[in-house]
Amino acid sequence: LKRGVQDVLQVLATANMLHSALRAHLSRTAGGVGRQTWQTQGSLCRNPVARPRNFRTTQPKRAGDGIAVDVTYTTLWGRIATFPKRRPYATNIIVATVKTSLADIVVQVAEGKDEIDWSRNAVFVAFGFAYLGAFQWFIYVSVFSKLCPNAIRFANLPWAEKLKDKAGIRDLFKQTALDNFVHYTFIYFPIFYCFKELIQSTDANASPTALVSSALSKYWNNIVVDNLAMWSLWVPGDLLVYAVPIWMRLPLNHGISFVWTMILSYMRGGSQKKEAKTD
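From a predicted model like this one, the values you see are computed outputs, not experimental measurements.

> Give me the lowdown on empty space enclosed by the protein, citing residues and values where you can.
Over the atoms a probe the size of a water molecule is rolled, and this reveals where empty space is left. Scanning the model with the defined rule gives two cavities of 30 Å³ or more in all. Of the volumes computed, that of the largest cavity is approximately 50 Å³. Lining of the largest cavity is provided by Leu132, Gln136, Tyr140, Tyr184, Tyr188, Trp234, Asn253, Ser257 and Trp260. Counting residues per element, the ones that place at least two in the lining of the largest cavity are helix H5 (118–147), helix H8 (166–200) and helix H10 (246–268). In terms of residue class, the lining of the largest cavity is made up of six nonpolar, three polar and no charged.

Here it is, written out as structure tokens:
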């Protein structure tokens, strides 16, 4: 047993000597200046320079065919600043919810209310999170990219190349038309009125069918005014939104939408009596 222990200790000592000799040799061949950034295979030799814990490197995607962007960052600020590019869907959810709620609060304060109507604000919070945050991603990114196959590629092109891309320009106008004259008119407004009716209705015994019927009836009464207001802002707005890089699409959309939400809050955020006065 004693002889076995001595053999093990001798092997460990020999391994340590070889390790030290190898490190010294690599240090000399690298010039012996400072800490080296070499790395070799095997368990006896490790890279002495560790990467920062929050350092991120990934394989680049093919240019022009992605939404999330792989980026490299080395600091906490870099991690925060690149979050919209790396996590566009999560960014969209956060921005949509906060923006929609804040826009309504701004309008309520401007209207001179003594206190915030949180029931009214709840309409915008729910609508911002569920529809503007989640469902619009499906429409703008999933559906529109299939109906307009050149959309993502066109959006990710440099501006100089965009002007030469006829197929991309056609899809730019196609997306603008689909958004304003199909999406907003037949999907956006009906769902908004349903959210509003569901949250603000004073009839606790109303069935879902009755709530939807009441919501659509109110929308039908306001359909011309609502859509003219929408188109006046969003036709030019969409021409810009669908031209920027795809990761920036929904954040920019929300920037313009902040203005629109304040308009919508003023026009349709209050009671039916208030809406009648607006009309």
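Having seen it, we continue.
> Explain the pattern of salt bridges to me, using residue names and the numbers behind them.
Enumeration over the complete set of coordinates arrives at five salt bridges. A salt bridge links Asp226 to Arg268; the shortest N-O distance between them is 2.9 Å. Here the residue Asp226 occupies a position in helix H9 (residues 208–241), and Arg268 occupies one in helix H10, the gap between them amounting to 42 residues. Judged by its relative accessible area of 0%, Arg268 falls in the buried class. What emerges from the salt-bridge pattern is a single network uniting Asp104, Glu111 and Arg120.

> Help me get a handle on the environment of Leu157, residues and values and all.
Tracing the chain through its elements places Leu157 in the loop between helix H6 (151–155) and helix H7 (159–162). Separated by 89 residues in sequence, Leu157 and Ile246 have C-alpha atoms that sit 9.8 Å apart. Excluding its chain neighbours within four sequence positions, the residues that come into contact with Leu157 are Lys162 and Asp165.

So, how was this worked out
Residues numbered from 1 in each chain as written. Predicted model: local features only at pLDDT ≥ 70, side-chain atom pairs only at ≥ 80, totals over all residues. Heavy atoms only, no water. 1 Å grid on protein atoms, 1.4 Å probe; cavity = no way out; pocket = protein on both sides within 12 Å on 5 of 7 lines; lining within 4 Å. Points joined across faces, edges and corners; volume = space filled by probe spheres on them. Helix = DSSP H or I, 4+ residues; strand = E, 2+ residues; numbered from the N terminus. Nonpolar A, V, L, I, M, F, W, Y, C, P; charged D, E, K, R; others polar. Salt bridge = Lys/Arg side-chain N within 4 Å of Asp/Glu carboxyl O. Buried < 20%, exposed > 50% of the residue type's maximum accessible area, 1.4 Å probe, protein only. Contact = heavy atoms within 4.5 Å.

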